[in-house]
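Single-letter residue listing:
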Amino acid sequence: MTGLERHAHRLLRCYPRIWRERYGDEFAGLLIDDLAERPRSLRRDLDVVRAGLGARIAAYGLARGPVQDRSALRVVAAAGSVIFVAAVLSIWTQLADGWLAAGPESGLVRVGLITLSIWLGGLLLAATAFGVRVAISVVRAVRAGRAAAALPPMSLLVTSAAVLVAGVRLMTPMWPGAHLQHEGALAHVARVGWASTATISTFWLQPHRLLTLPAGELAWMLLCPAAVVAFVWSAARVTQVCSAHVPRAGGRVSIIGGVAVMPSLVTAAAWVFGSQHASNATYRAGTLDLVLIAAMLASALLARNALTADAAHPS
């Protein structure tokens, strides 16, 4: 490989793999010809890098483009969904803690907690139904002789799920609201919600406070995101392996999801912004909650765009 070819190859790496597979040879030829005429052109190199980054963004469904990577679209959709659910659960936990500590002091708290509870409950039912559907598909894939491909992601899925369940069970006794001596379903779910979202904390911006946390809690704040990523990735991989038995529903999911997220987003935002201006509020949303609302909006849009692009992707 000549020096010009190596330079062209390095520039071509700025583009996503799926783009290189379709246009790489032709574009490499054009680059080599241009490099022969202008061996040193910073402007040309920067233009290629800029266009390559744009192609990567388009491949993930974050912008319009001629080439989109279906696997990347699903990663973006999954990541956006996880961020949205984590933000909703974090705000729900704060509302539940406040309800247990001071009661439903305002209509915003009451409506917010009830709406988010219904939303999370519906999500749990939908996830359970989808899980059963995927489990059936896994059995069919194994019977069809695809056990070797399904076993590694299934092993990671089971392992990460076990880590999440064990971690939540170990963390629930550390729930800050334990001193309230509340029992019942709301208190129990609030413990689980707090343990599941312990990573979402302003402690990361305050190292002096972060290091005062118990070692177990700090370890869980680091381990939990890794376990969630492993769980989501392995679940997506299992679905991909069994795709022949899982009907494609990206378009329906994007439409239903776009409608379904609105109640949770609106009620969560109403409490976050409303509590900051309520003179009689016992507990108020903080700066972190403003960030969570922004994350909910951004992640919902990302997930919707990725699902829509995946639905339009040729099979």
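Reference entry: report on the structure contained in this document. (Residues numbered from 1 in each chain as written. Predicted model: local features only at pLDDT ≥ 70, side-chain atom pairs only at ≥ 80, totals over all residues. Heavy atoms only, no water.)

**What about the overall build of the protein chain?**
Stage number 1. Broken down by element type, the protein chain carries 11 helices and zero strands.
Stage number 2. When the elements of the protein chain are put in sequence order from the N terminus, they spell out α-α-α-α-α-α-α-α-α-α-α.
Stage number 3. Put simply, the protein chain has 315 residues, and 37% of those count as buried.
Stage number 4. A sequence separation of at least 24 residues applies to 71% of the contacts in the protein chain between residues at least 6 apart.
Stage number 5. For the protein chain, the exposed area adds up to about 17700 Å²; of that, 67% sits on carbon and sulfur atoms. (Helix = DSSP H or I, 4+ residues; strand = E, 2+ residues; numbered from the N terminus. Buried < 20%, exposed > 50% of the residue type's maximum accessible area, 1.4 Å probe, protein only. Contact = heavy atoms within 4.5 Å. Areas by Shrake-Rupley, 256 points an atom, 1.4 Å probe, with all protein chains shown as cover.)

**Points about helix α9 (residues 215-241)**
Stage number 1. The end-to-end C-alpha distance of α9 is 38 Å, a good match for the 39 Å that 27 residues give at a rise of 1.5 Å each.
Stage number 2. A bend of about 30° at L223 is the largest found in α9, and the proline P225 appears one to four places after it.
Stage number 3. The set of residues buried in α9 consists of E217, W220, M221, C224, A227, A230, S234, V238, T239 and V241.
Stage number 4. Buried residues along α9 sit against α5 (107-143), α6 (147-171), α7 (185-196) and α8 (207-210). (Expected span 1.5 Å × (residues − 1). Bend = angle between axes of the 7 residues up to and from the residue.)

**Side note on the pattern of salt bridges**
For side chains of opposite charge, pairing can occur when their charged atoms come near one another.
Stage number 1. Using the criterion set out here, one finds four salt bridges in the structure.
Stage number 2. Across the pair D34 and R38 runs a salt bridge whose closest N-O atoms are separated by 2.9 Å.
Stage number 3. Between R44 and D45 there is a salt bridge, and its shortest N-O distance comes to 3.0 Å. Across the pair, D45 and R44 agree in class, each one buried.
Stage number 4. Via salt bridges that share partners, D34, R38, R44 and D45 belong to a single interconnected network. (Salt bridge = Lys/Arg side-chain N within 4 Å of Asp/Glu carboxyl O.)

**Considering the packing of aromatic side chains**
Stage number 1. Counted according to the given criterion, the structure contains five aromatic pairs.
Stage number 2. Between Y15 and F27, the aromatic rings sit 5.4 Å apart at their centres with planes inclined by 65°, giving edge-to-face as the arrangement. Taken together, the positions of Y15 in the loop between α1 (3-12) and α2 (17-37) and F27 in helix α2 put the pair 12 residues apart, joining distant regions of the chain.
Stage number 3. For Y15, a relative accessible area of 5% gives the class buried. (Phe/Tyr/Trp six-rings, centres within 6.5 Å; stacked < 30°, edge-to-face > 60°.)

**Side note on the packing of α2 against helix α3 (residues 42-59)**
Stage number 1. Interhelical geometry of α2 versus α3 gives an angle of 175° and a closest axis separation of 13 Å. If you check the angle between α2 and α3, you find them roughly antiparallel. Counted together, W19, R20, F27, L31, D34 and L35 of α2 and R44, V48, A55 and R56 of α3 form the full contact between these two elements.
Stage number 2. Of the residues that constitute the contact of α2 with α3, the class distribution is six nonpolar, no polar and four charged. (Axes fitted to C-alpha atoms, helices over the stretch in contact; angles between N-to-C directions. Parallel < 35°, antiparallel > 145°, perpendicular 65-115°, else oblique. Nonpolar A, V, L, I, M, F, W, Y, C, P; charged D, E, K, R; others polar.)

**Section: the packing of α6 against α9**
Stage number 1. For the pair α6 and α9, the least separation of the axes is 8 Å and the interaxial angle reads 150°. Comparing their axes, α9 and α6 come out roughly antiparallel. Between α6 and α9 lies a crossing of left-handed hand.
Stage number 2. Considering only residue class, the contact of α6 with α9 consists of 22 nonpolar, four polar and two charged. (Left-handed = near helix turned anticlockwise from the far one by under 90°.)

**Let's talk about the side chain of T199**
Stage number 1. On the secondary structure map, T199 appears in the loop between α7 and α8.
Stage number 2. Not counting the four nearest positions on each side in its chain, T199 is found in contact with W204, W220, M221, C224 and P225.

**Observations regarding the side chain of D289**
Stage number 1. By secondary structure assignment, the location of D289 is in helix α11 (residues 287-312).
Stage number 2. One polar contact links the side chain of D289 to the main-chain amide nitrogen of G286, over a distance of 2.8 Å.
Stage number 3. Beyond its immediate sequence surroundings of up to four residues, D289 is in contact with I91, Q94, W271 and V272. (Polar contact = N/O pair within 3.5 Å; in protein donor to acceptor, adjacent residues only side chain to side chain.)

**Thoughts on the nonpolar core**
Stage number 1. In this structure, I91 and M296 are the most contacted members of the largest nonpolar core, which totals 40 residues.
Stage number 2. Secondary structure elements with two or more residues in this core: α4 (70-102), α5, α6, α7, α9, α10 (250-275) and α11.
Stage number 3. The leading source of residues in this core is α4, at eight residues. (Core = buried A, V, L, I, M, F, W, Y, C linked by side-chain atoms within 4.5 Å.)

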